[in-house]
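Chain and residue survey
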Amino acid sequence: MSQMEMKKLKRVDFIFSKDFNVSEVLFGTFKKTRDEILQGIINSDLKGRGGAGFPTGLKWKAAKEEKNGGKYIICNADEGEPGTFKDRAILEEAAQKVFGGMALCAKVIGARKGWIYLRGEYKFLVPHLRKELAIFHEMLHNDLGFEFTIDIFTGSGAYVCGEETALLQSMEGKRGEPRNKPPYPTSIGLYDKPTVINNVETLALTMMVAKIGAEEFKKLGIQDARGGKLFSVSGDTPKGGIYELEFGMLLSDFVEEFGDGDTKAVQVGGASGFCVPRKKFDSTTIGYKGKLTGTSLPTGGSMMLFNSSRSMYNVLHNYLEFFAEESCGQCTPCRVGTQQLLKGIEAIKRGEKSHEYLEVLLSLSETMKLTSKCGLGQSVANSFSSIVENFREEMIY
Ligand code: SF4
């Protein structure tokens, strides 16, 4: 078995660092060719910080290569994953870096218009963002001579609109339901134009790559998960809040730092992520490998800690209620599956179904993973199977 790559828990300071001049970085970077800027992002191995971990440089490259004009860049600020609150803080405290990342992308792909898709619950940020945008536009248009404009679109509160094609539907005034893929937004996106959609944190990090270079950026983190990451820490912790940490830390180190001494489980990646029990803290790192294999777990940044006073049945019940409520209902596996999983664990708890029915529900969740149309239905099995398999007795008694 190959050696697990890991890093000591280490704080990094980029996103909220005041030692950063956005206009200086843009002035320096815009002296390069579009291909050189793009190659820097590709070489950095920066992956999307919304949770899915798609390579940012490849997304930009795909949109750049499209011949169709009128391209768009959208900052996905529809931060709806339970337990995640770091994008709000970035927009409050470091919006200029996000705008800078959007301008970099616009330069590379040839866009003239950008949008911030802001979560409906974050409408209170609009006046602040408009003020910051006025400062940014003045610098970009008057000092840099680059014609690129950013506007704000506020969502209406649906979790599924964080999915990029549902987000596009919502912006076009249609029901917020995911589209079939392919085609991907980089070829047919907003109003059928090539569109890059990047998370808030991802865009801010492209400015870090532009400032320090791909090689320096790659010194942080582990293979497949380079750089630092913002984590929203919540639950049973005396240190709830937002922390920027290097990728690749062991979960046991994280729990030692943030736990209350009695942590029995950590939900990594919010309701759509994985639940890791205490016995696996020592064999789990935080990265992007993507499966609960005792190795590297992906996360958009939500880290919820639970101590022994918590019922994992209640935690799972809460997540399933959330998914059943937020399912857009477009495809049967998710629309019906979320309801059946919820009713199923309730029936077992009441003693109306035997504990063997858990196997049927686990199989249903796997079917949902394989057959649901978008990430919402596909990811229900992550928390369902990891909670049921590790806390089976709590589902029954
Ligand atoms: S998986 Fe769920 S949220 Fe996604 S399209 Fe199907 S019903 Fe809608």
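Up top you'll find the structure we're talking about.
Residues numbered from 1 in each chain as written. Predicted model: local features only at pLDDT ≥ 70, side-chain atom pairs only at ≥ 80, totals over all residues. Heavy atoms only, no water.

**Overview of the overall build of the protein chain**
- Counting its secondary structure elements, the protein chain contains 15 helices and 13 strands.
- A compact globule built from 397 residues should have a C-alpha radius of gyration of about 21 Å, and the protein chain, at 21 Å, falls within 12% of that.
- Each principal axis of the C-alpha distribution contributes one length, and for the protein chain these read about 70 × 45 × 40 Å.
- Every one of the 397 residues in the protein chain was classed for burial, and the buried ones make up 57%.
- Contacts in the protein chain between residues far apart in sequence, at least 24 positions, make up 71% of those at least 6 positions apart.
- Summing over all exposed atoms, the protein chain offers an accessible surface of approximately 16,600 Å²; the carbon and sulfur share of this is 49%.
- Within the protein chain, the 50 negative side-chain charges are centred at a point lying 4 Å from the centre of the 51 positive side-chain charges. (Helix = DSSP H or I, 4+ residues; strand = E, 2+ residues; numbered from the N terminus. Rg over C-alpha atoms; globule rule 2.2 N^0.38 Å. Buried < 20%, exposed > 50% of the residue type's maximum accessible area, 1.4 Å probe, protein only. Contact = heavy atoms within 4.5 Å. Areas by Shrake-Rupley, 256 points an atom, 1.4 Å probe, with all protein chains shown as cover. Lys, Arg positive; Asp, Glu negative; His and termini not counted. Charge placed at Lys NZ, Arg CZ, Asp CG, Glu CD.)

**Thoughts on helix α3 (residues 56–65)**
- Turning to α3, its buried residues number three or more, namely Thr 56, Gly 57, Lys 59, Trp 60 and Ala 63. Along α3, the residues classed as buried sweep out an arc of 160° about the axis, all on the same side.
- Structurally, α3 contributes buried residues whose contacts are with α2 (34–44), β1 (71–77), α5 (95–109), α7 (164–171), β4 (195–199) and α8 (200–212). (Arc of directions from axis to C-beta.)

**Some thoughts on the sheet that holds β4**
- Pairing in this open sheet of four strands is parallel, and the strands run β3-β2-β1-β4 from one edge to the other. The two strands at the open ends of the sheet, each matched to only one other strand, are β3 (149–154) and β4. Between one strand axis and the next, the sheet turns by 25° as a mean value, whatever way the strands run.
- As judged from the five bridges shared by β1 and β4, these two strands associate in the parallel manner. Residue Ile 73 lies in a different strand from β4, and its bridge partner there is Val 196.
- Contacting β1 and β4, α3 crosses the sheet at an angle of about 165° to β4. (Pairing = 2+ DSSP bridges. Axes fitted to C-alpha atoms, helices over the stretch in contact; angles between N-to-C directions.)

**Looking at helix α14 (residues 375–390)**
- Compared with an ideal rise of 1.5 Å per residue, which puts 16 residues at 22 Å, α14 spans 23 Å between its outermost C-alpha atoms and is within 8% of the ideal.
- Of all 16 residues that make up α14, 13 are buried, and the element is covered over most of its length. (Expected span 1.5 Å × (residues − 1).)

**Quick notes on the side chain of Thr 29**
- Assignment of secondary structure puts Thr 29 in helix α1 (residues 22–29).
- Judged by relative accessible area, Thr 29 falls into the buried class, the value being 5%.
- With sequence-adjacent residues up to four places away left out, Thr 29 is seen in contact with Ile 37, Leu 104 and Ala 210.

**Focus on the site of the ligand**
- In the region of the ligand, 13 residues are neighbours, and Cys 328, Gln 330, Cys 331, Cys 334 and Cys 374 sit closest.
- Given that more than half its atoms are within 2 Å of the pocket grid, the ligand belongs to the largest cavity.
- Per-class residue counts for the shell around the ligand are seven nonpolar, five polar and one charged. (Near = heavy atom within 4 Å. 1 Å grid on protein atoms, 1.4 Å probe; cavity = no way out; pocket = protein on both sides within 12 Å on 5 of 7 lines; lining within 4 Å. Sits in = over half its atoms within 2 Å of the grid points. Nonpolar A, V, L, I, M, F, W, Y, C, P; charged D, E, K, R; others polar.)

**Concerning the packing of helix α11 (residues 312–326) against α14**
- Where α11 contacts α14, the axes come no closer than 10 Å and their chain directions differ by 170°. As summarised for this structure, α11 and α14 are arranged roughly antiparallel, according to the angle between their axes. The residues of α14 that touch α11, namely those facing Met 312, Val 315, Leu 316, Tyr 319, Leu 320, Phe 323 and Glu 326, are Leu 376, Val 380, Ser 383, Phe 384, Ile 387 and Val 388. (Parallel < 35°, antiparallel > 145°, perpendicular 65-115°, else oblique.)

**Focus: the sheet that holds strand β10 (residues 274–277)**
- Across the sheet, which stays open at both edges, the five strands sit in the order β8-β7-β13-β9-β10 with mixed pairing between neighbours. Both edges of this open sheet fall to β8 (241–246) and β10, since each of them pairs with a single strand only. Averaged over all pairs of adjacent strands, the angle between their axes in this sheet comes to 30°, without regard to strand direction.
- Here strand β9 (residues 263–268) pairs with strand β13 (residues 302–307) via five bridges, running antiparallel. Residue pairing across strands places Gln 267 opposite Met 304, the latter belonging to β13.
- Helix α4 (residues 86–93) contacts β7 (228–235) and β8 of the sheet and is inclined by roughly 120° relative to β7.

**Some details on the environment of Phe 258**
- With respect to the helices and strands, the residue Phe 258 is situated in helix α10 (residues 251–258).
- Residue Phe 258 is classed as buried on the basis of its relative accessible area of 0%.
- It is 8.9 Å that separates the C-alpha atoms of Phe 258 and Asp 236, two residues lying 22 residues apart in sequence.
- In this structure, Phe 258 is in contact with Leu 9, Arg 11, Val 233, Thr 237, Pro 238, Lys 239, Tyr 243, Leu 245 and Leu 305, ignoring residues within four places of it in sequence.

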